[in-house]
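# Understanding the architecture of this molecule
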Amino acid sequence: MEIIVRTMEATDYQAVYQLWQDCNLVLGTSDTEDEIVKFINQNPQTSLVLLKNKQLIGSVLGGFDGRRGLVHHLAISENYRKAGYGRLLFEKLEDEFTKMGVVKISFWVHKSNLQVIDFYQKIGCELREDIITMSKTLRE
Ligand SMILES: CC(C)(COP(=O)(O)OP(=O)(O)OC[C@H]1O[C@@H](n2cnc3c(N)ncnc32)[C@H](O)[C@@H]1OP(=O)(O)O)[C@@H](O)C(=O)NCCC(=O)NCCS
């Protein structure tokens, strides 16, 4: 059994998009091929995929804004869950962020997906109940 974590390439797009759909991630205008390739190019060391026997079964997008490490789209294919791959991928991302000098990682959990909070707490993340997210759309 061969497990590889490597940086995401533009040519992974179809497979990662399929994975995100299969995992019921909330997808939008930032998830088109152009937008994801732009993200990968801007964050080459922290956009990662996990392959098992050459099959893409996991992904995570990490972005560094100069202050925080932001995490998007951590996903492991349903057939391969609860085997430690989500933790492995998140820890690889932590290693990359640490090399860049990141102090803290942040991310959002959609209210339709509250069941993943237990997972995140198991891998050392803290639930913040003191923060409300706000946003402004600049481009439709
Ligand atoms: C969340 C997700 C990435 C976890 O991946 P995974 O490979 O199953 O997680 P791991 O096997 O590494 O689990 C690490 C620990 O969390 C636990 N865990 C994993 N999923 C859990 C869940 N849904 N509820 C409670 N505990 C969970 C594991 O049992 C393990 O615990 P242990 O350390 O005591 O053994 C995966 O369930 C997934 O892809 N979900 C759909 C996409 C998604 O919602 N992503 C998050 C977007 S914010």
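Below you will find a few notes about this structure. Everything numeric here is computed off the predicted structure, so don't read it as measured data. (Residues numbered from 1 in each chain as written. Predicted model: local features only at pLDDT ≥ 70, side-chain atom pairs only at ≥ 80, totals over all residues. Heavy atoms only, no water.)

### What about the pattern of salt bridges?
Per the counting criterion, the structure on display carries six salt bridges. Salt-bridge contacts for Glu-35 lead to Arg-139; the nearest nitrogen and oxygen are separated by 3.1 Å. Of this pair, Glu-35 sits in helix 2 (residues 33-42) while Arg-139 sits in the segment after helix 4 (117-122), and the two are 104 residues apart along the sequence. Exposure remark for Glu-35: the relative accessible area of 17% places this residue in the buried category. (Salt bridge = Lys/Arg side-chain N within 4 Å of Asp/Glu carboxyl O. Helix = DSSP H or I, 4+ residues; strand = E, 2+ residues; numbered from the N terminus. Buried < 20%, exposed > 50% of the residue type's maximum accessible area, 1.4 Å probe, protein only.)

### A closer look at the site of the ligand
Taken together, 20 residues lie around the ligand, and Leu-74, Lys-82, Gly-84, Arg-87 and Asn-113 are the ones closest in. Note that an oxygen atom of the ligand is positioned 3.1 Å from one of the backbone N or O atoms of Ala-83. Here an oxygen atom of the ligand sits 2.4 Å away from a polar atom, N or O, in the side chain of Arg-87. Among the elements of the structure, strand 4 (68-76), helix 3 (85-99) and helix 4 are those that each provide at least two residues to the shell around the ligand. If one sorts the elements of the shell around the ligand by residue count, helix 4 sits on top with four residues. Of the residues assigned to the shell around the ligand, the class counts are 11 nonpolar, four polar and five charged. (Near = heavy atom within 4 Å. Polar contact = N/O pair within 3.5 Å; in protein donor to acceptor, adjacent residues only side chain to side chain. Nonpolar A, V, L, I, M, F, W, Y, C, P; charged D, E, K, R; others polar.)

### Topic: helix 2
Those residues of helix 2 that sit buried are Glu-35, Ile-36, Phe-39 and Ile-40. The arc enclosing the buried residues of helix 2, seen along the axis, measures out at 135 degrees, which places them on a common side. Exposed residues on helix 2 whose side chains face more than 90 degrees from its buried face are Asp-34, Asn-41 and Gln-42. Where helix 2 is buried, its residues touch helix 1 (13-22), strand 2 (47-52), strand 3 (55-64) and strand 4. (Arc of directions from axis to C-beta. Contact = heavy atoms within 4.5 Å.)

### Regarding the environment of Thr-32
By the secondary structure assignment, Thr-32 is in the loop between helix 1 and helix 2. Along the primary structure Thr-32 and Tyr-17 are separated by 15 residues, whereas in three dimensions their C-alpha atoms are 8.7 Å apart.

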